[in-house]
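# Examination of the molecular architecture
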Amino acid sequence: GQVSITASSGSSVEDQLRVLRNIERGELAPDFNVAAIAGLLAAKQGIIQVKEGKVAGKVVVYPQLTELPFIPLAELADWDPILAKYVNEQGWSRQSEILLEQRYYAKITK
């Protein structure tokens, strides 16, 4: 089944609603705030990186990609040059996530 985990950075409800209105008006692209990605086993490392201020942006955890390491997007080319090229050109998006899943499963089934 589908798993959905939602987190908050401590913003008030009013702040969150303001962000949603800005997204609806096209004034904010939340996908460009993604700084790193991680699988379920690397989620703790992502939390530590955020807590220590080593990540300037959001860490997106993909629980279904269990063994995906913690990867800052700036270092994505070290893990997968094809995905990094796409993200550098297009930014992080739903299509990036689809490509991430394809590249991840290709790597673990070798």
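Refer to the structure printed above.
Notes on the structure in this doc start here. (Residues numbered from 1 in each chain as written. Predicted model: local features only at pLDDT ≥ 70, side-chain atom pairs only at ≥ 80, totals over all residues. Heavy atoms only, no water.)

Turning to the overall build of the protein, a few remarks are in order. Helix and strand counts for the protein come out as five helices and three strands. Walking the protein from its N terminus toward its C terminus, one meets helices and strands in the order α-β-α-β-β-α-α-α. In the protein, of all internal contacts separated by at least 6 residues, the share reaching a separation of at least 24 is 58%. (Helix = DSSP H or I, 4+ residues; strand = E, 2+ residues; numbered from the N terminus. Contact = heavy atoms within 4.5 Å.)

Below, the discussion takes up the packing of aromatic side chains. According to the stated counting rule, one finds one aromatic pair in the structure shown. For the ring pair Tyr-104 and Tyr-105, a centre distance of 5.1 Å and an interplane angle of 75 degrees mean the geometry is edge-to-face. Here the basic side chain of Lys-107 rests over the ring of Trp-79, its NZ or CZ set 4.9 Å away from the ring centre. (Phe/Tyr/Trp six-rings, centres within 6.5 Å; stacked < 30°, edge-to-face > 60°. Lys NZ or Arg CZ within 6 Å of the ring centre and 35° of its normal.)

To continue, consider the packing of helix 4 (residues 81-90) against helix 5 (residues 94-108). Contact geometry of helix 4 with helix 5 gives a least axis separation of 10 Å together with a crossing angle of 175 degrees. Taken together, the axis directions place helix 4 and helix 5 in an arrangement best described as roughly antiparallel. Facing Ile-82, Leu-83, Tyr-86 and Val-87 of helix 4, the residues of helix 5 in contact are Gln-95, Ser-96, Leu-99, Leu-100 and Arg-103. Counted by class, the contact of helix 4 with helix 5 contains six nonpolar, two polar and one charged residues. (Axes fitted to C-alpha atoms, helices over the stretch in contact; angles between N-to-C directions. Parallel < 35°, antiparallel > 145°, perpendicular 65-115°, else oblique. Nonpolar A, V, L, I, M, F, W, Y, C, P; charged D, E, K, R; others polar.)

Another point: the side chain of Asp-80. When you line up the elements, Asp-80 lands in the loop between helix 3 (76-79) and helix 4. Only 2.8 Å separates the side chain of Asp-80 from the side chain of Arg-103, close enough to count as a polar contact. Once residues within four sequence positions are removed from consideration, Asp-80 is found in contact with Arg-103 and Lys-107. (Polar contact = N/O pair within 3.5 Å; in protein donor to acceptor, adjacent residues only side chain to side chain.)

Here we have three strands laid out as an open sheet, ordered 2-1-3, and mixed in their pairing. Two strands close off the open sheet at either side, each with one partner strand: strand 2 (58-62) and strand 3 (71-72). Sheet topology note: the strand 1 (residues 34-39)/strand 3 ladder contains two bridges and is antiparallel. Pairing of Ile-37 across the sheet is with Ile-71, part of strand 3. (Pairing = 2+ DSSP bridges.)

Turning to the nonpolar core, a few remarks are in order. Residues Ile-37, Leu-68, Leu-76, Trp-79, Trp-92 and Leu-100 are the most contacted members of the largest nonpolar core, which totals 16 residues. Of all the elements in the fold, those that place two or more residues in this core are strand 1, helix 3, helix 4 and helix 5. If sequence neighbours within four positions are ignored, Leu-76 has contacts with Ile-37, Ile-71, Leu-83, Ala-84, Val-87 and Trp-92. Grouped together as the second largest cluster of nonpolar side chains are six residues, Ala-38, Ala-42, Val-55 and Phe-70 included. (Core = buried A, V, L, I, M, F, W, Y, C linked by side-chain atoms within 4.5 Å. Buried < 20%, exposed > 50% of the residue type's maximum accessible area, 1.4 Å probe, protein only.)

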